[in-house]
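Here are the chains, one letter per residue:
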Amino acid sequence: MSLLSKTAASPYQEIESEGDKSSDVVWHQASVSHEERVASNGHRPAVLWFTGLSGSGKSTVANAVDKMLHDIGCKTYLLDGDNVRHGLNGDLGFSDEDRVENIRRIGEVSKLFVDAGQLVSTAFISPFLADRELVRSQLKSGEFVEVFIDTPIEICELRDPKGLYKKARAGEIKNFTGIDSAYELPVNPEVHVKTAEQSVEACAKQVIDHLKSNGYLKAVS
């Protein structure tokens, strides 16, 4: 039985009061403004948030998009789920609570790249709708582009590049998204990509076309 859901609740816990934060932390205003960085880069900044099941093709498509953007002169960076868990999020497991914290941290890092005027791609399962929307809410309008890598779980299992589905079915891995942990489907993603129906290049071009048609790449196209 798979757990693909539009309604599963996120365990995200909001900070209850300002008292939970240090009163000694003050934002430092940089001499180079966000607007100056954007002008220097020559394109609009945004988070390209790739979400989908394990094996759906998130990292593959995100990497292809990042290469295409780099090749036309955009300032970019790619945050990949596995890579980030080797360092920044190496202390987190795969419980629902840890998944929420994983995405919270990535959202904060992504905001820094946007502040630098860059196009940052993030390739994470990010299973909870509320947590993806939290990241969106912390950015300005147009700075969060949700890219739903929509691949049937049957196809993901056939691919199973890391052997994770096989282990999850055998009970060797717990809290595996789509098997015994829910994945909340995007409601209205900016880009809806179906990797089972087209090539990696065509999938990446679909994302690039969205950016072009919505004015993100005017200065570099």
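The paragraphs below set out a description of the structure included in this document. If you're wondering where the values come from, they're calculated on a predicted model, not measured in any experiment.

1. Description of the sheet that holds strand β3 (residues 76-80)
Next, step 1: Read from one edge to the other, the open sheet built from five strands follows the order β3-β4-β2-β5-β7, with strand pairing classed as parallel. Of all the strands in the sheet, the pair left with one neighbour each is β3 and β7 (191-193). The mean inter-strand angle of the sheet, taken between neighbouring strand axes irrespective of direction, is 15°.
Next, step 2: Two strands pair when backbone bridges link them, and β3 and strand β4 (residues 119-123) are joined in this way by five bridges, in the parallel orientation. Paired with leucine 79 across the two strands is threonine 122, which belongs to β4.
Next, step 3: Across the sheet, helix α5 (residues 129-137) touches β2 (46-51) and β5 (144-149), and the angle it forms with β5 is around 155°.

2. Considering the packing of aromatic side chains
Next, step 1: Per the counting criterion, the structure on display carries five aromatic pairs.
Next, step 2: Seen in terms of ring centroids, phenylalanine 148 and tyrosine 183 are 6.4 Å apart; in terms of plane orientation they differ by 25°. Their pairing is stacked. Placement of the pair is phenylalanine 148 in strand β5 and tyrosine 183 in strand β6 (residues 183-184), with a sequence separation of 35 residues. Each member of the pair, phenylalanine 148 as well as tyrosine 183, is classed as buried.

3. So, the environment of isoleucine 179
Next, step 1: Assignment of secondary structure puts isoleucine 179 in the loop between α7 (164-169) and β6.
Next, step 2: Looking at isoleucine 179, the relative accessible area reads 10%, which means it is buried.
Next, step 3: Taking the C-alpha atoms as reference points, isoleucine 179 and alanine 168, separated by eleven residues in sequence, lie 7.2 Å from one another.

4. Describing the pattern of salt bridges
Next, step 1: Here the structure, examined in full by the defined rule, presents ten salt bridges.
Next, step 2: Ionic pairing is found between arginine 169 and glutamate 157, a salt bridge with its closest N-O pair at 2.6 Å. Pair noted here: arginine 169 is in helix α7 and glutamate 157 is in helix α6 (residues 153-159), with a separation of twelve residues, a long-range link.
Next, step 3: According to the relative accessible area criterion, arginine 169 is partly exposed, its value standing at 44%.
Next, step 4: What you see here is one network of salt bridges that share partners, running through Arg132, Glu133, Arg136, Glu146 and Glu190.

5. Brief notes about the nonpolar core
Next, step 1: Leu48, Phe50, Val65, Leu69, Val147, Val207 and Leu217 are the most contacted members of the largest nonpolar core, which totals 23 residues.
Next, step 2: Looking at this core, the elements that each hand over two or more residues are β2, α2 (58-71), β4, β5, β7 and α8 (200-213).
Next, step 3: What phenylalanine 50 contacts, discounting residues up to four positions off in sequence, is Lys58, Val61, Ala62, Val65, Ser121, Thr122, Ala123, Phe124, Val147, Ile149 and Val207.

The rules behind each value
Residues numbered from 1 in each chain as written. Predicted model: local features only at pLDDT ≥ 70, side-chain atom pairs only at ≥ 80, totals over all residues. Heavy atoms only, no water. Pairing = 2+ DSSP bridges. Helix = DSSP H or I, 4+ residues; strand = E, 2+ residues; numbered from the N terminus. Axes fitted to C-alpha atoms, helices over the stretch in contact; angles between N-to-C directions. Contact = heavy atoms within 4.5 Å. Phe/Tyr/Trp six-rings, centres within 6.5 Å; stacked < 30°, edge-to-face > 60°. Buried < 20%, exposed > 50% of the residue type's maximum accessible area, 1.4 Å probe, protein only. Salt bridge = Lys/Arg side-chain N within 4 Å of Asp/Glu carboxyl O. Core = buried A, V, L, I, M, F, W, Y, C linked by side-chain atoms within 4.5 Å.

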